[in-house]
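Descriptive structure summary
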Amino acid sequence: MNFTNTTIGLASDHTGFEYKELIKKHLVARGFECMDFGAYSTEKCDYPEYAHVLGEAIEEGKMEMGIALCGTGNGMAITLNKHASIRAGLAWNVDVAGLVSAHNKANVLVIPARFVTREEVIRIIDAYLDTPFEGGRHLERIRKITAG
């Protein structure tokens, strides 16, 4: 794992709610603590409300990383990446999730809830959490991103 804090922030819209609940159980079973920033049901809602709260919590140091879900994942990723200290990476399979961690040291993993199965979402989470950051040339690229 690329971060020292074992608390993970979770955020979703209505489309990602059921997977968020599944992910929460999986993370707790793996020994993580979770802070759930919503949504809290499948009732229609707007993802930016939850993405911004997650982004702000990471910026305030309440946790170092998060997992976010919406229908395509793009809305969450775009919104989260508006926060200066967030590197949100969108992953729809295990290979991409591993690279989001290994190459980008993304501090938020974003998953497209409409395009993955229950089984895939757990494997994506594990690949993200279990793949170490490679550093090297990737560290220099991250520095260029944060230099803006």
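A brief look at the structure comes next. (Residues numbered from 1 in each chain as written. Predicted model: local features only at pLDDT ≥ 70, side-chain atom pairs only at ≥ 80, totals over all residues. Heavy atoms only, no water.)

1. Focus on the overall build of the chain
Summing up its helical and strand segments, the chain has six helices and five strands in all. Reading the helices (α) and strands (β) of the chain from amino to carboxyl end gives β-α-β-α-β-α-β-α-β-α-α. Overall size of the chain, expressed as C-alpha extent along the three principal axes, is 45 × 30 × 25 Å. With 148 residues in all, the chain has 50% of them scored as buried. A separation of at least 24 residues holds for 70% of the contacts in the chain among residues at least 6 apart in sequence. Accessible area of the chain: about 7300 Å², with a carbon and sulfur share of 51%. For the chain, the distance from the average position of its 16 positive side-chain charges to the average position of its 19 negative side-chain charges is 5 Å. (Helix = DSSP H or I, 4+ residues; strand = E, 2+ residues; numbered from the N terminus. Buried < 20%, exposed > 50% of the residue type's maximum accessible area, 1.4 Å probe, protein only. Contact = heavy atoms within 4.5 Å. Areas by Shrake-Rupley, 256 points an atom, 1.4 Å probe, with all protein chains shown as cover. Lys, Arg positive; Asp, Glu negative; His and termini not counted. Charge placed at Lys NZ, Arg CZ, Asp CG, Glu CD.)

2. A few points about the pairing of strand β2 (residues 33-36)
In this sheet, β2 lies alongside strand β1 (residues 7-12) in parallel orientation, the contact comprising four bridges. Residue Leu10 lies in a different strand from β2, and its bridge partner there is Asp36. Read as a crossover between parallel neighbours, the route from β1 over helix α1 (residues 17-29) to β2 is right-handed. (Pairing = 2+ DSSP bridges. Right-handed = clockwise from strand over helix to strand, strands pointing away.)

3. Quick look at α1
Note that an α-helix has 3.6 residues per turn; residues three or four places apart therefore point the same way. Helix length check: α1 (13 residues) gives 19 Å between terminal C-alpha atoms against 18 Å at 1.5 Å per residue, within 8%. Considered for burial, the residues of α1 that qualify are Phe17, Tyr19, Lys20, Leu22, Ile23, His26 and Leu27. Its buried side turned inward, α1 meets β1, β2, β3 (65-70), β5 (108-112) and α5 (118-130). Immediately downstream of α1, the backbone of Gly31 shows phi near 100°, a positive value. (Expected span 1.5 Å × (residues − 1).)

4. As for the packing of α1 against α5
Axis angle and axis distance: for two packed helices, these are the angle between their axes and the distance between the axes, and together they describe the pair. Between α1 and α5, the shortest axis-to-axis distance is 10 Å and the interhelical angle comes to 50°. What the angle tells us is that α1 and α5 run oblique. Pair α1 / α5 crosses with right-handed handedness. Within the contact between the two elements, α1 uses Tyr19, Leu22, Ile23, His26 and Leu27 and α5 uses Arg118, Val121, Ile122, Ile125, Asp126 and Leu129. Within the contact of α1 with α5, the residues separate by chemical class into eight nonpolar, one polar and two charged. (Axes fitted to C-alpha atoms, helices over the stretch in contact; angles between N-to-C directions. Parallel < 35°, antiparallel > 145°, perpendicular 65-115°, else oblique. Left-handed = near helix turned anticlockwise from the far one by under 90°. Nonpolar A, V, L, I, M, F, W, Y, C, P; charged D, E, K, R; others polar.)

5. A look at the side chain of Thr79
Mapped onto the elements of the fold, Thr79 is located in helix α3 (residues 74-80). Engagement of the side chain of Thr79 in a polar contact is seen with the backbone oxygen of Gly75, the distance being 2.8 Å. Once you skip the residues sitting within four places of it in the chain, Thr79 turns out to touch Tyr47, Pro48, Ala51 and His52. (Polar contact = N/O pair within 3.5 Å; in protein donor to acceptor, adjacent residues only side chain to side chain.)

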